[in-house]
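The chain contents come next:
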Amino acid sequence: MGIYRNYIYPSIIEALLSRPSVMAQRKDLLRHARGEILEIGFGTGLNLSCYPEGVKRITIVESNQGMNQKAAKRVAQSNIQVDCRLLNAESLPFEDGSFDTVVSAFTFCSIKEVDKALREIYRVLKPDGQLLFLEHGLSPHKGECFFQNVLNPVYRIFSDGCHLNRDVEDMIKRNGFNITWMEQFYDRQMIKLADYLSKGMALKNVNKWGIGQRGIT
Ligand SMILES: C[S@@+](CC[C@H](N)C(=O)[O-])C[C@H]1O[C@@H](n2cnc3c(N)ncnc32)[C@H](O)[C@@H]1O
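Residues numbered from 1 in each chain as written. Predicted model: local features only at pLDDT ≥ 70, side-chain atom pairs only at ≥ 80, totals over all residues. Heavy atoms only, no water.

A closer look at the state of the cysteines
- Scanning all chains against the criterion turns up zero disulfides.
- Residue Cys-84 stays outside any disulfide, its sulfur separated by 17 Å from that of Cys-50, the closest cysteine.
- Assessed through its relative accessible area of 39%, Cys-84 is described here as partly exposed.
- Cysteine Cys-145 remains unbridged, with the sulfur of Cys-162 as its closest cysteine sulfur at 15 Å. (Disulfide = S-S within 2.5 Å. Buried < 20%, exposed > 50% of the residue type's maximum accessible area, 1.4 Å probe, protein only.)

See the structure below:
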């Protein structure tokens, strides 16, 4: 599994997620990136070329060393300085309120304890910080949804734990975020059953007294 996870799987991800339609969606999302930026599940670094010109530095977390190795060339050639951390998003080594923007692309599907990671993202975002997401997830159509649920256990074996059937909107909302805009659509250049995408922005759910759903922020 080590060779597959560290060498083969990163190449598969690179091929599948660098298709033109997906790259266009990344670019469209990341034009909103601002300030101190944290990217979760950096993978092979496909987002790097999609950040706006003003972005000079990002921090990234990634749990698979093989992904970081494959990303290294892209990082070296980029004008953006990348602070790479090899660790799990479920436990982030950053102070509360450190980031203006957290980015996740095709990563919430793979994180083992995704609610824990989303709570960490909530914690490390500033009170007016934003979560930018581009994720595949549970289809609203019964037929596709049925196959996503049935094939999920097998799919996970070959995809380093990726789930076909996570409900993107629900997982973001149940962890204290307000989704301020979201587009949901099929991208037929993605592989079947992982082709229902959600792209959007979520803000911390903070009321006028500065009290978030998860306590004082
Ligand atoms: C499907 S890939 C997407 C990579 C990249 N975000 C992209 O859009 O091309 C999911 C990535 O999340 C990483 N990942 C999975 N679980 C993680 C975790 N708990 N913490 C940090 N990264 C994780 C995987 O190693 C992989 O690089």
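There is more to say, and it comes next.
Some details on the sheet that holds strand 4 (residues 99-105)
- Within the open sheet, the seven strands sit side by side as 3-2-1-4-5-7-6. Their pairing is mixed. Looking along the sheet, the strands with just one partner apiece sit at the ends: strand 3 (81-86) and strand 6 (177-186). Recorded for the sheet is a direction-independent mean angle of 15° between the axes of neighbouring strands.
- Where strand 1 (residues 37-40) lies against strand 4, four bridges are found, and the strand directions are parallel. (Pairing = 2+ DSSP bridges. Helix = DSSP H or I, 4+ residues; strand = E, 2+ residues; numbered from the N terminus. Axes fitted to C-alpha atoms, helices over the stretch in contact; angles between N-to-C directions.)

Comments concerning the site of the ligand
- Near the ligand, the surroundings consist of 20 residues, among which Arg-26, Gly-41, Glu-62, Glu-90 and Ala-105 are the closest.
- Separating an oxygen atom of the ligand from a side-chain N or O atom of Glu-62 is a distance of 2.5 Å.
- Thr-107 places a polar side-chain atom, nitrogen or oxygen, 3.5 Å from a nitrogen atom of the ligand.
- Alone, the ligand offers 590 Å² of accessible surface; in the complex the protein occludes 96% of this.
- Across the shell around the ligand, the residue classes tally to ten nonpolar, seven polar and three charged. (Near = heavy atom within 4 Å. Polar contact = N/O pair within 3.5 Å; in protein donor to acceptor, adjacent residues only side chain to side chain. Areas by Shrake-Rupley, 256 points an atom, 1.4 Å probe, with all protein chains shown as cover. Nonpolar A, V, L, I, M, F, W, Y, C, P; charged D, E, K, R; others polar.)

Quick word on the side chain of Asp-187
- Tracing the backbone through its elements, the reader meets Asp-187 in the loop between strand 6 and strand 7 (196-204).
- Here Asp-187 occupies a buried position and makes no salt bridge, while the nearest side chain of opposite charge, Arg-19, is found at 7.6 Å.
- Setting aside residues up to four positions removed in sequence, Asp-187 forms contacts with Ser-21, Val-22, Asp-195 and Leu-197. (Lys, Arg positive; Asp, Glu negative; His and termini not counted. Salt bridge = Lys/Arg side-chain N within 4 Å of Asp/Glu carboxyl O. Contact = heavy atoms within 4.5 Å.)

Focus on the pattern of salt bridges
- The full count for this structure, using the stated rule, is 16 salt bridges.
- Residue Lys-126 is joined to Asp-100 by a salt bridge in which the shortest nitrogen-to-oxygen separation is 3.2 Å. Taken together, the positions of Lys-126 in strand 5 (residues 125-136) and Asp-100 in strand 4 put the pair 26 residues apart, joining distant regions of the chain.
- Owing to a relative accessible area of 24%, Lys-126 belongs among the partly exposed residues under this scheme.
- Classification of Asp-100 by relative accessible area gives buried; the value is 11%.
- Taking the shortest distance from any N to any O, the salt bridge between Arg-174 and Asp-170 comes out at 2.6 Å.
- Classification of Arg-174 by relative accessible area gives partly exposed; the value is 40%.
- Of the residues examined, Asp-170 reaches a relative accessible area of 36% and is grouped as partly exposed.
- Linked through salt bridges whose partners overlap, the residues forming this network are Asp-28, Arg-31, Glu-183 and Lys-199.

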